[in-house]
Amino acid sequence: MGGLAHALSLRSIVRTTFRTRAAVHRIHAVCLTTSVAHNAVGKGGASVASKQPRFIATPIYYVNGAPHIGHVYTSLVCDVVARFSRLDGHEVLFLTGTDEHGQKVEQSAQAAGETPLAFADRVSDTFRALIPLYDFSCDQFIRTTEARHVEAVQALWTALRASGDIYLGEYEGWYSVRDEAFYTEDEILDGKAPTGAPVEWVAESSYFFRLSRWREPLEAHIRSNPDFILPVSRRNEVLSFMREGLRDLSISRTTFSWGISVPEDEPSSEHKHIMYVWLDALTNYITAVGYPRTDSADFTNFWPAHLHMVGKDILRFHAIYWPAFLMAANLPLPRSVFAHGWWMNNGEKMSKSLGNVIDPVELVHKYGTDQVRYFMVNEVAFGSDGDFSDRKLIDCVNAKLANELGNLAYRTISFTYKQCDGRIPAPAEFTPEDDELLAEGVALLPLLRGHIDSLTLHRYPQALSALSQCANRYIDVQAPWALKKAKPERMGTVLYVLLETLRRIALLSQPLTPTLAAGILAQNPLPQG
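In the annotation of an unreviewed UniProt entry, the entry for the protein reads methionine--tRNA ligase, and the organism field reads Coccolithus braarudii. Word for word, the UniProt comment on the protein under Sequence similarities (unreviewed entry) is "Belongs to the class-I aminoacyl-tRNA synthetase family."

Shown next as structure tokens:
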């Protein structure tokens, strides 16, 4: 069997290992620090009690259009980090949500014949619907139209004004409504922004943030904290942009009304000022942890954030504007901002005009949740651009999930149930071959922990695959089916080694393929803990 039919037959190939989605939530609570026994804390590692909480956040997604696989990818890689961190004993806050203000949303709502809020409600729901569809384990879904967020943004504005970093002036320059971004004259090429978006000349009264004041402190922070901006190529990109200095940033608009009002607007101002959408949007990260109540349990526990995950097109906002706002407000900076690459479709950049935008809902209905999750993490060297094709997905699923893991699980568990009535086989003395495979299993957790901590996420499925390949070679060489009559004790030992290796693979597959992993664990007679 080959091609699409083969990929879609994965569920039947591992039919003895699949269980209902309800099992995912039971397995999800299994903590590696107990389930992987003595190896839960790596050599020289910290105990569970000393593990730092982790606040992991996607950018909030702009509601100017339907979700695409770029949005899914950002949420997925965050989910992998969040799930592993929970299993590894960290308390985790995983945040996602939608960015719902700004001129573009106002214009899109008008074109749709809706109020801006009704438009935002409708589109936000399409992003929220991806959470169960892709099995994301988000703890919060935040919307910038929430009352708590309005309070937080206005409190941050007040703090920036109190620090002397906001002043009233006149803005005149290029602005892209699509990007919701200001651009300098030397960034405009053939009448368009660097992103290819159209720009318009804007002249209006505006409040400014003294971004120029924070160039040196921010550059010092970036240089003294090498993990603050990742990967290194993005860090160099930011430093290069800052080399010529930073201009003060316009942070209010007066030509539209859909946004958060500036608190304590100047009495001399002729127009009502609405906050710049990026100041509004970026504040969501501290809204989620209780700002302006900086003494709250969530704020003290989770801020500064462990990880902001963003696409490379919005790096400047997260690596320059956001930390400058935080410095001016005397708030700690996030520990790391990682900017990943874009997805293309068969070598072409995805766009509505080309008709090659991939619908993430149709994608899951076509191939399955775990299959798409695995492919997207496995396919791209994390941080680089990726290229989607149906053929690549089918080949990946066939090779890695069906032929490697599915085959290993089916042969091991079905043979155990057939020959041992589903009971745990009692191992006899281990051979060097047994010890070698068991040692590979023990080494898997610290190896994967390293990939999570270094954000080399594409190596995570590669490491799981490598152990599955070792186990498949082991079962082929040991041939337990040939040992039943002649050496039943040896057969039991081989099956035990295989079950223990499969248990470790399944436990550590939970962040990547939660449903498949839950099914394997549920069928494996070895206890999970």
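A. View of the overall build of the protein. When its secondary structure is counted, the protein shows 22 helices and 16 strands. Burial status across the protein gives 58% buried among its 529 residues. When the accessible surface of the protein is totalled, it reaches about 21400 Å², and 53% of it is carbon and sulfur.

B. Structural view of the environment of Leu-95. Residue position: Leu-95 is located in strand S3 (residues 92-99). Between the C-alpha atom of Leu-95 and that of His-308, which follows or precedes it by 213 residues, the distance is 9.8 Å. Once residues lying within four places of it in the same chain are set aside, the contact partners of Leu-95 are Phe-55, Ile-56, Ala-57, Thr-58, Gln-140, Ile-142, Asn-284, Tyr-285 and Ala-288.

C. Inspection of the packing of helix H19 (residues 432-454) against helix H21 (residues 488-509) at higher detail. Viewed as axis vectors pointing N to C, H19 and H21 meet at an angle of 10 degrees, and their least axial separation amounts to 10 Å. In terms of their interaxial angle, H19 and H21 are classed as roughly parallel. Seen from H19, the contacting residues are Asp-434, Leu-437, Leu-438, Gly-441, Val-442, Leu-444, Leu-445 and Leu-448; seen from H21, they are Arg-490, Thr-493, Val-497, Glu-500, Thr-501, Arg-504, Ile-505 and Leu-508. Here the contact of H19 with H21 is built from residues that sort into nine nonpolar, three polar and four charged.

D. Examining the packing of helix H16 (residues 360-367) against helix H18 (residues 390-420) more closely. Between H16 and H18, the shortest axis-to-axis distance is 12 Å and the interhelical angle comes to 40 degrees. The angle between H16 and H18 falls in the class oblique. Remark: the crossing between H16 and H18 carries right-handed chirality. Contacts from Leu-363, Lys-366 and Tyr-367 of H16 reach H18 at Asp-390, Leu-393 and Ile-394. A class-by-class count of the residues in the contact of H16 with H18 yields four nonpolar, no polar and two charged.

E. Layout of the confidence of the model for the protein. The share of residues in the protein with pLDDT of 70 or more is 89%, and the mean pLDDT across the chain is 88. Note on residues 1-49: pLDDT is under 50 here. Beyond four places in sequence and across chains, it has 106 contacts.

F. Highlighting a negative patch on the surface. On the surface, a cluster of negative charge is contributed by Glu-433, Asp-435, Glu-436 and Glu-440. With respect to the element layout, Asp-435 can be found in helix H19. Judged by its relative accessible area of 40%, Asp-435 is partly exposed.

G. Broad picture of the pairing of strand S1 (residues 54-57). Neither face of S1 is exposed, since Arg-54 and Ile-56 on one face and Phe-55 and Ala-57 on the opposite face are all buried. For S1 and S3, the ladder comprises four bridges, and the chain directions are parallel. Counterpart to Ala-57 in the pairing with S3 is Leu-95. With two bridges joining them, S1 and strand S12 (residues 307-311) adopt parallel strand pairing.

H. Focus on the packing of aromatic side chains. Under the definition given, this model contains 20 aromatic pairs. Arranged with centres 5.6 Å apart and planes meeting at 20 degrees, the rings of Tyr-61 and Phe-127 form a pair that is stacked. Highlighted residues: Tyr-61 in strand S2 (residues 61-62) and Phe-127 in helix H7 (residues 116-128), separated in sequence by 66 residues. By relative accessible area, which is 7% here, Tyr-61 ends up buried. Taken together, a centroid distance of 5.5 Å and an interplanar angle of 80 degrees make the contact between Tyr-73 and Trp-343 edge-to-face. Here Trp-343 lies in strand S14 (residues 343-345) and Tyr-73 lies in helix H5 (residues 69-87), a separation of 270 residues in the sequence. The pair Tyr-73 / Trp-343 is uniform in exposure class, with both members buried. By way of ring pairs, the aromatic residues Phe-55, Tyr-285, Tyr-291, Phe-299, Trp-303 and Trp-322 are connected into one cluster. The residue whose ring lies beneath Lys-312 is Trp-342, and the NZ or CZ to ring-centre distance is 4.4 Å.

I. Just the sheet that holds strand S16 (residues 386-388), in detail. Within the open sheet, the three strands sit side by side as S15-S14-S16. Their pairing is mixed. The open sheet has two edge strands, strand S15 (348-349) and S16, and neither has a second partner. When S14 meets S15, the two strands line up antiparallel, connected through two bridges. When the sheet's bridge partners are listed, Met-344 is paired in S15 with Lys-349.

J. Structural detail: the pattern of salt bridges. This model, assessed by the stated rule, comprises 30 salt bridges. Of the charged contacts in the structure, one is a salt bridge between Arg-293 and Glu-151, with a shortest N-O distance of 3.0 Å. Separated by 142 residues along the polypeptide, Arg-293 in the loop between helix H13 (284-287) and helix H14 (297-302) and Glu-151 in helix H9 (residues 147-162) bring together distant segments of the chain. Arg-293 gets classed as partly exposed once you look at its relative accessible area, which sits at 43%. Judged by relative accessible area, which is 35%, Glu-151 ranks as partly exposed. A salt bridge links Arg-503 to Glu-500, with the nearest nitrogen and oxygen atoms 2.9 Å apart. Highlighted residues: Arg-503 and Glu-500, both in helix H21, separated by three residues, approximately one helical turn. Of the two residues examined, Arg-503 and Glu-500, each falls in the buried class.

Conventions adopted
Counting of residues starts from 1 at the beginning of each chain's written sequence and follows it residue by residue. Given that this is a predicted model, residues contribute local features only at a pLDDT of at least 70 and side-chain atom pairs are listed and counted only at 80 or more, while totals for whole chains, interfaces and linings are drawn from all residues. Side-chain measures here rest on the full set of heavy atoms in the structure, leaving out hydrogens and waters. UniProt positions are given in the numbering used here, feature names are shortened, and annotations may be inferred rather than shown by experiment. Only DSSP runs of H or I with at least four residues qualify as helices, and only runs of E with at least two residues qualify as strands; both kinds are numbered from the N terminus onward. Residue exposure (1.4 Å probe, protein chains only): buried if accessible area is under 20% of the type maximum, exposed if over 50%, otherwise partly exposed. Accessible surface is estimated by sampling points in the Shrake-Rupley manner with a 1.4 Å probe; for residues, cover comes only from the protein chains shown. We call two residues in contact when some of their heavy atoms are within 4.5 Å. Orientation is described by lines fitted to C-alpha atoms, with helices fitted over the stretch in contact, and by angles between N-to-C directions that extend from 0 to 180 degrees. Roughly parallel covers angles under 35 degrees, roughly antiparallel covers those over 145, roughly perpendicular covers 65 to 115, and oblique covers all other angles. Under the grouping applied here, Gly and all other residues not named as nonpolar or charged are polar, the nonpolar ones being Ala, Val, Leu, Ile, Met, Phe, Trp, Tyr, Cys and Pro and the charged ones Asp, Glu, Lys and Arg. For any pair of crossing helices, the crossing counts as left-handed if the nearer helix is rotated counterclockwise from the farther one by less than a right angle, and right-handed if it is rotated clockwise. Scored between 0 and 100, pLDDT is the confidence that the predictor attaches to each residue. Any residue with relative accessible area above 30% and no salt bridge may belong to a patch, with like charges joined within 9 Å and the nonpolar Val, Leu, Ile, Met, Phe, Trp and Tyr side chains within 5 Å. Salt bridges are defined by distance alone: a side-chain nitrogen of Lys or Arg within 4 Å of a carboxyl oxygen of Asp or Glu. Positive charge is attributed to Lys and Arg, negative charge to Asp and Glu, and no charge count is given to His or to the chain ends. Throughout, a charge is located at the NZ atom of Lys, the CZ atom of Arg, the CG atom of Asp or the CD atom of Glu. Any two strands with at least two DSSP-identified bridges between them are counted as paired. Working definition: rings of Phe, Tyr and Trp (its six-membered ring) pair if their centres are within 6.5 Å, and the pair is stacked with planes under 30 degrees apart, edge-to-face with planes over 60 apart, and tilted otherwise. We count a charge as sitting over a ring when the NZ of a lysine or the CZ of an arginine lies within 6 Å of the ring centre and within 35 degrees of the ring normal.

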